[in-house]
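Listed below, chain by chain, are the residues.
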Amino acid sequence: MEDAAKYSAGRFLSLDVFRGLTIVLMILVNTPGTGASNYAFLIHTKWLGFTLADLVFPSFLFAVGNAMSFSMKKMKSMSTGEVWTKIIKRTVIIFLLGYLMYWFPFFKFGTDGSFLWKPIAETRIMGVLQRIALCYFFASIIVLYLSERAAITISAVILLAYWGILYAFGEPGAWLDMATNAGSRFDLSILGIGHIYKKDAIPFDPEGVLSTLPSIVNVLWGYLAGVFIQKKGKSFEGLAMLLMTGFLMCSLALWWDLVFPISKKLWTSSFVLYTVGLDLSIMAVLIYWIEMKSIRVGVNFFDVFGKNPLFIYLFSELFYVVLRMIPVIRNLDAFEWVSEAVFQRAFPGSFGSLVTAIAYVLLCWALGWWLNRRKIYIKI
């Protein structure tokens, strides 16, 4: 009854399902099984190009914008002080959660087995949640004080400006290379090498400071899509507009890709257009399937993730780290042992790696189901 009342009041179940779907894919991509290679479409592109895995994070930013299209209605009726307190509080909490997640478990073991605290000087500052926090902050200011038309104009300016910045301040002839692009140079000068992601070919942060600028556009268009869906989403006219806009953006992105290649790690402007176009198209399909045709197959499964997305994501990341710290046998940690001794024996190869990730998704879903059953919704 509670859910029915909520959706009849204007909430779209398809938006919650979209958010839940992004969490599922995020966990699948982040926790593949060991002992065999993963399917190529679930691995991020090394530099230029695009795979399904590259769609996950921008889709979550798009979903953040969707949620803002509802929350901003309430904020516009609040006092200026209340609004700024809420925005800043949410931004700081999400950013700190992301920072602490990368610092976790806060200690390490020395070569002699001694217990050592992880120094702050070696802790990554930027990351997934940190980018979400910053994008939420700047997008909130834009949609709170400016019109929807202005948000579209700002989106275009940001994408063109980012293109110009990379071209103007990158190393001549190598302005898109990992080591010499303007984003890498800026991050190294601002953050220092100790606070940058180091698990790539070279120290490079895929969620760096400069590349956060174009990612704001993903949130803005999620917001614009959410506003449009609330006005015309349950009509064939609305679906046609979403699909045509999505097709146009994907087409422009592929054209732009010829001179400014699609790259998730560099978060190029063509990448933004391409992912927003795909997300608009996916939203149109979900609205038709769920809202207009009332087909509920699999809806409850994804909706569980959509009810507590941030908490489930944090749990998936932190519990994975814990499992990788627990030694079992033959130099295998707990996660490796389950993947290789159980799933790889039953399903050898890439399929076994995928099944391991699916099992982990189901574990996270069980936690979400338990929270939902008890009406526990952890909001920030």
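Residues numbered from 1 in each chain as written. Predicted model: local features only at pLDDT ≥ 70, side-chain atom pairs only at ≥ 80, totals over all residues. Heavy atoms only, no water.

A. Looking closely at the layout of surface pockets. Computed from the structure, the largest pocket encloses a volume of approximately 1700 Å³. In terms of lining, the largest pocket is formed by 43 residues, of which the most central are Y102, R124, Y197, K199 and E317. Listing elements by their share of the lining of the largest pocket, those giving two or more residues are α2 (13-30), α3 (52-75), α4 (80-103), β1 (107-109) and α12 (309-325). It is α12 that contributes the most residues to the lining of the largest pocket, six residues altogether. (1 Å grid on protein atoms, 1.4 Å probe; cavity = no way out; pocket = protein on both sides within 12 Å on 5 of 7 lines; lining within 4 Å. Points joined across faces, edges and corners; volume = space filled by probe spheres on them. Helix = DSSP H or I, 4+ residues; strand = E, 2+ residues; numbered from the N terminus.)

B. Main features of a nonpolar patch on the surface. Residues M325, I326, V328, I329, W337, V338 and V342 make up a contiguous nonpolar surface patch of roughly 520 Å² in combined accessible area. Take the nonpolar patch: its biggest share by element is three residues, from helix α13 (residues 334-346). Residue placement: I329 occurs in the loop between α12 and α13. (Patch = residues over 30% accessible without salt bridge, like charges linked within 9 Å, V, L, I, M, F, W, Y side chains within 5 Å. Areas by Shrake-Rupley, 256 points an atom, 1.4 Å probe, with all protein chains shown as cover. Salt bridge = Lys/Arg side-chain N within 4 Å of Asp/Glu carboxyl O.)

C. Looking closely at the state of the cysteines. Per the stated rule, a full pass over the model turns up zero disulfides. For C250, which is in no disulfide, the shortest distance to another cysteine sulfur is to C135 and amounts to 20 Å. Residue C250 is classed as buried on the basis of its relative accessible area, which comes to 13%. (Disulfide = S-S within 2.5 Å. Buried < 20%, exposed > 50% of the residue type's maximum accessible area, 1.4 Å probe, protein only.)

D. Spatial organisation of the pattern of salt bridges. Per the counting criterion, the structure on display carries eleven salt bridges. Residues E148 and K231 are paired through a salt bridge, measuring 3.8 Å at the closest nitrogen-oxygen approach. Remark: K231 occurs in helix α8 (residues 212-232) and E148 occurs in helix α6 (residues 148-169); sequence separation between them is 83 residues. Among the residues examined, E148 registers a relative accessible area of 35% and is labelled partly exposed. Across the pair K264 and E207 runs a salt bridge, and its minimum N-O distance is 3.3 Å. On the criterion of sequence distance, the pair formed by K264 in the loop between α9 (236-256) and α10 (269-292) and E207 in the loop between α7 (182-191) and α8 is long-range, its members being 57 residues apart. Comparing K264 with E207, the two get one shared label, buried.

E. Geometry of the packing of α3 against α10. α10 packs onto α3 with a crossing angle of 65° between their chain directions and a minimal axis gap of 10 Å. The orientation of α3 with respect to α10, classified from their angle, is roughly perpendicular. The way α3 lies across α10 gives a crossing that is right-handed. Residue-level inspection shows D54, L55, P58, S59, F62 and N66 of α3 in contact with α10, the latter providing F271, T275, V276, L278, D279, L280, I282 and M283. Per-class residue counts for the contact of α3 with α10 are nine nonpolar, three polar and two charged. (Axes fitted to C-alpha atoms, helices over the stretch in contact; angles between N-to-C directions. Parallel < 35°, antiparallel > 145°, perpendicular 65-115°, else oblique. Left-handed = near helix turned anticlockwise from the far one by under 90°. Contact = heavy atoms within 4.5 Å. Nonpolar A, V, L, I, M, F, W, Y, C, P; charged D, E, K, R; others polar.)

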